[in-house]
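Take a look at the letters that make up each chain.
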Amino acid sequence: MCFRRRTTSAVCSGNDESMKLLALVVFSVFTVLSSADDSFQDVLNVKPGPEDVFEKELNGYKCKFAYQAQGGTNEQWQVGMEILDDGGAFLCSVARGQASYLYFQKFHMSVSGPNVKLEQTEAISSGATPLDPEEYQIDKTANSVSHVEGKFKNHLERVTVYATIGGKREL
C-alpha cells in the first residue's frame, strides 16, 4: 500500500521493513509540518489511573485515543495526524517513541468524519514488535482498532490508523 503525501513522494507499506519506514517518515513529517493546515503534532501525557480519552480534529476529521494504564507515573507520547493523498486519506498515530514502562489495561483508537473508511492499522508492542493478531481487533464498520479483553498482553508503544476519505483513493 502506498501513501502519497500532498507535497512530496509516496511512502509504501506492506511488510515489516516498510512499516518501520512508514513510522519513521510519519513522525519526521509531523515534526517538520506541525504548523501546516493539513497536519498537526501534539503531546499526550499518558498516565496511570482511570480510563482517559484524547481527541483531536483536523479539517473535520477526528482521531480519538482512549486508554487505561497502570504502573509508574506519566509518559509523554506523540500524537500526530496528517491529511494524505491530496486530501483522499488521513493518518492518525499515537506513539511513545521509546520503550514504555506503563502496563496498558486497554486501548481503543477510532477515526471519524465525512465519508471516512478505515483501511489499515498498525499496533506495536515493546521493541517495535507488532502486537500478536489475537491481542487486538479491527472494526472497519466503527473505523476503530482496540485491545481484545483477556488476550492483550498489556504492552503498547504505537498505534497508527490509515483511513481513506470519500472514496477518493483506491487500494
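Quick note: structure is the one above.
Residues numbered from 1 in each chain as written. Predicted model: local features only at pLDDT ≥ 70, side-chain atom pairs only at ≥ 80, totals over all residues. Heavy atoms only, no water.

(A) Expanded view of the overall build of the chain. Helix and strand content of the chain: 1 helix and 12 strands. Counting helices and strands in the order they occur from the N terminus, the chain gives β-β-α-β-β-β-β-β-β-β-β-β-β. A burial count over the chain gives 48% of its 171 residues as buried. For the chain, contacts bridging at least 24 residues in sequence account for 66% of all contacts bridging at least 6. Element-wise, carbon and sulfur atoms account for 49% of the exposed surface of the chain, whose accessible area totals about 8300 Å². (Helix = DSSP H or I, 4+ residues; strand = E, 2+ residues; numbered from the N terminus. Buried < 20%, exposed > 50% of the residue type's maximum accessible area, 1.4 Å probe, protein only. Contact = heavy atoms within 4.5 Å. Areas by Shrake-Rupley, 256 points an atom, 1.4 Å probe, with all protein chains shown as cover.)

(B) Region of interest: the sheet that holds strand β10 (residues 136-139). Pairing within the open sheet is antiparallel, and its 5 strands lie in the order β4-β5-β8-β11-β10. Bordering the open sheet on either side are β4 (52-58) and β10, each of which pairs with just one other strand. For this sheet, the mean inter-axis angle between neighbouring strands, taken without regard to orientation, is 15°. Inspection of the sheet shows strand β5 (residues 61-70) paired to strand β8 (residues 103-112) by 9 bridges, in the antiparallel sense. The partner of Gln70 across the bridge, within β8, is Tyr103. (Pairing = 2+ DSSP bridges. Axes fitted to C-alpha atoms, helices over the stretch in contact; angles between N-to-C directions.)

(C) Seen up close, the environment of Ser112. When you line up the elements, Ser112 lands in strand β8. Taking the C-alpha atoms as reference points, Ser112 and Cys63, separated by 49 residues in sequence, lie 6.7 Å from one another. With residues up to four places along the chain from it excluded, the contact list for Ser112 reads Gly60, Tyr61, Lys62 and Phe90.

(D) Quick peek at the environment of Ala69. Here Ala69 is to be found in strand β5. C-alpha separation for the pair Ala69 and Gly49, spaced 20 residues apart in sequence, amounts to 6.2 Å. Not counting residues within four places of it along the chain, the set of residues in contact with Ala69 comprises Lys47, Pro48, Gly49, Leu102, Tyr103, Phe104 and Gln105.

(E) Representation of the packing of aromatic side chains. One pass over the full model with this rule turns up 5 aromatic pairs. Relative to Tyr67, the ring of Phe65 lies with its centre 5.7 Å away and its plane at 25°, an arrangement referred to as stacked. For Phe65, a relative accessible area of 1% puts it in the buried group. Between Phe107 and Phe152 the ring centres are 5.2 Å apart and the planes differ by 65°, which places this aromatic pair in the edge-to-face class. Of this pair, Phe107 sits in strand β8 while Phe152 sits in the loop between β11 (144-147) and β12 (158-165); the two residues are 45 residues apart in sequence, bridging distant segments of the chain. On the basis of relative accessibility, which here comes to 1%, the residue Phe107 falls in the buried class. Overall, the relative accessible area of 8% leaves Phe152 in the buried class. (Phe/Tyr/Trp six-rings, centres within 6.5 Å; stacked < 30°, edge-to-face > 60°.)

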